[in-house]
Amino acid sequence: MNPSILYALSAAMLFGASTPLAKALTGDVPPILLAGLLYLGSGLGLTIVRFARDRGWRASGLKAAEWPWLLGAIGFGGVLGPVALMFGLTSTTGAAASLLLNLEAVLTALLAWIAFKENTDGRIVLGMVVIVAGGVLLSWPHGQIGQSSWQGPAAIAAACLCWAIDNNLTRKVSASDALFIAGSKGLAAGVVNVALALSLGAAWPPAQVALSAMALGLFGYGISLVMFVLALRGLGSSRTGAYFSTAPFVGAAIALVFLGEQTSWQFWLAAALMALGVWLHLTERHAHAHTHEALEHTHRHVHDAHHRHEHDADWDGREPHSHAHRHEPITHSHPHFPDIHHRHRH
């Protein structure tokens, strides 16, 4: 299996698992403050991990032309998205919100296909539809959804659009350090949400509760986002978003097994639909003659067909390794995804 697929599914598992666990904290921490602590734990934790990995502070390595993409991703996904969601939740039922959040995967794919010209085919579209249908079915309420004004659902839909834009903008810088990208997003979202919660009168929780929330955020939001960025690097936005859409199933399965919640026919039908959608994506085979234009960038790599370049004399021969390298133009044919080396038009 392609490692990028494992990254995408791992991101979904970590994020999905965090949902029922975070639910246990909602009685002790107001929702906006809890979101802030989760993001803050993600940002601080990943920054510490990156500092330890590099044995000190190291520059991000982003080129000047890449900073607008990252800042845009942070603005939409780390600031506007969470704030819009919290505003929407104040006047929307939980059931309706769960259904509306499935819009993120759909909007991510649509933006990737229409605005960013990411390639797709009928099999990928069908897989996306089936996975999203499973997510909708899984979150569909047993009773009535309830009444809510249009402002709440509109705000949640706006949050999904923000995250869809975030996903596609992050794809543009996904070759860069995933720890830096995810850590920056976490810090931005954490600071904004914590500040918003405190300004609205929320009381800071006991230290043990706050630390538990931040630890959960490190895994469910931080490491999950690192995996998501690595998946974007190898799969592109629409495919990564489709795999990530299985997160609601993971959360529901954990609630079923570990929290003793009851299941229904909806759960098993949703599981079957999501499994079918993942299978459609796993069995995709996209191959044709294509031309790589000259390209210079930095990322971890091995010396495969796309990385046949010379090294300085001080290279120790280890792989994978990371350094600035140049790709010369080449035309060939082989199976591929819309990864960082195959973002050509079709």
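In case you missed it, the structure is sitting above this.
Residues numbered from 1 in each chain as written. Predicted model: local features only at pLDDT ≥ 70, side-chain atom pairs only at ≥ 80, totals over all residues. Heavy atoms only, no water.

Participant: Tell me what's going on with the overall build of the chain, and back it up with residues and numbers.
Facilitator: Helix and strand counts for the chain stand at 12 helices and four strands. Looking at the chain as a whole, 49% of its 346 residues qualify as buried. Contacts in the chain between residues far apart in sequence, at least 24 positions, make up 85% of those at least 6 positions apart. In the form shown here, the chain has an accessible surface area of approximately 16,800 Å², with 66% of it arising from carbon and sulfur atoms. (Helix = DSSP H or I, 4+ residues; strand = E, 2+ residues; numbered from the N terminus. Buried < 20%, exposed > 50% of the residue type's maximum accessible area, 1.4 Å probe, protein only. Contact = heavy atoms within 4.5 Å. Areas by Shrake-Rupley, 256 points an atom, 1.4 Å probe, with all protein chains shown as cover.)

Participant: Explain unusual backbone geometry to me, and be specific about the residues and the numbers.
Facilitator: In the Ramachandran plot, Arg55 falls in the positive-phi region, its phi being about 55 degrees despite a non-glycine side chain. By the secondary structure assignment, Arg55 is in the loop between α2 (31–54) and α3 (67–89).

Participant: Give a description of the nonpolar core that names residues and reports values.
Facilitator: In terms of nonpolar packing, the biggest core is built from 26 residues, with Leu25, Val29, Leu33, Leu34, Leu37 and Leu85 touching the most fellow members. Looking at this core, the elements with two or more residues in it are α2, α3, α7 (151–172), α8 (178–199) and α9 (207–235). For this core, the element with the highest residue contribution is α2, accounting for eight residues. Residues in contact with Leu37, not counting those within four places in the same chain, are Val29, Val194, Trp204, Pro205, Ala210, Ala213 and Met214. The next biggest cluster of nonpolar side chains, apart from the first, holds 21 residues, and it includes Ala12, Leu62, Val173 and Ala182. (Core = buried A, V, L, I, M, F, W, Y, C linked by side-chain atoms within 4.5 Å.)

Participant: Before we move on, can you summarise the pattern of salt bridges with the specific residues and values?
Facilitator: What the rule picks out here adds up to four salt bridges. Linking Asp166 and Lys185 is a salt bridge whose minimum nitrogen-to-oxygen distance equals 2.5 Å. Here the residue Asp166 occupies a position in helix α7, and Lys185 occupies one in helix α8, the gap between them amounting to 19 residues. You can call Lys185 buried: its relative accessible area is 6%. One salt-bridge network, held together by shared partners, links Arg50, Arg53, Asp54 and Asp177. (Salt bridge = Lys/Arg side-chain N within 4 Å of Asp/Glu carboxyl O.)

Participant: Tell me about the packing of α2 against α8, residues and numbers included.
Facilitator: Remark: α2 packs on α8, axes separated minimally by 7 Å, with the N-to-C direction vectors making an angle of 150 degrees. Along this stretch, α2 crosses α8, giving a crossing that reads as left-handed. (Axes fitted to C-alpha atoms, helices over the stretch in contact; angles between N-to-C directions. Left-handed = near helix turned anticlockwise from the far one by under 90°.)

Participant: Describe the side chain of Asn193, naming the residues involved and giving the relevant values.
Facilitator: Position of Asn193 relative to the elements: it lies in helix α8. Not counting chain neighbours up to four residues away, the residues in contact with Asn193 comprise Ile32, Ala35, Gly36, Tyr39, Gly78, Pro82 and Met86.

Participant: Residues and numbers for the packing of helix α10 (residues 237–244) against helix α12 (residues 265–282), please.
Facilitator: Direction vectors running N to C along α10 and α12 enclose 150 degrees, while the axes themselves pass 10 Å from each other. Compared by their axis directions, α10 and α12 come out roughly antiparallel. The interaxial crossing formed by α10 with α12 has left-handed handedness. Here α10 contributes Arg239, Ala242 and Tyr243 to the contact with α12, which in turn contributes Val278, His281 and Leu282. When the residues that make up the contact of α10 with α12 are grouped by side-chain class, the tally is four nonpolar, one polar and one charged. (Parallel < 35°, antiparallel > 145°, perpendicular 65-115°, else oblique. Nonpolar A, V, L, I, M, F, W, Y, C, P; charged D, E, K, R; others polar.)

Participant: Any chance you could break down the packing of aromatic side chains for me, citing the residues and the numbers?
Facilitator: For the structure shown, the criterion picks out five aromatic pairs. For the ring pair Phe228 and Phe244, a centre distance of 5.2 Å and an interplane angle of 80 degrees mean the geometry is edge-to-face. Taken together, the residues span a long stretch of sequence, with Phe228 in helix α9 and Phe244 in helix α10 at a distance of 16 residues. Classification of Phe228 by relative accessible area gives buried; the value is 7%. It is Arg50 that lies over the ring of Trp57; its NZ or CZ is 4.9 Å from the centre. Its end group placed over the ring of Trp69, Lys172 keeps NZ or CZ at 4.9 Å from the ring centre. (Phe/Tyr/Trp six-rings, centres within 6.5 Å; stacked < 30°, edge-to-face > 60°. Lys NZ or Arg CZ within 6 Å of the ring centre and 35° of its normal.)

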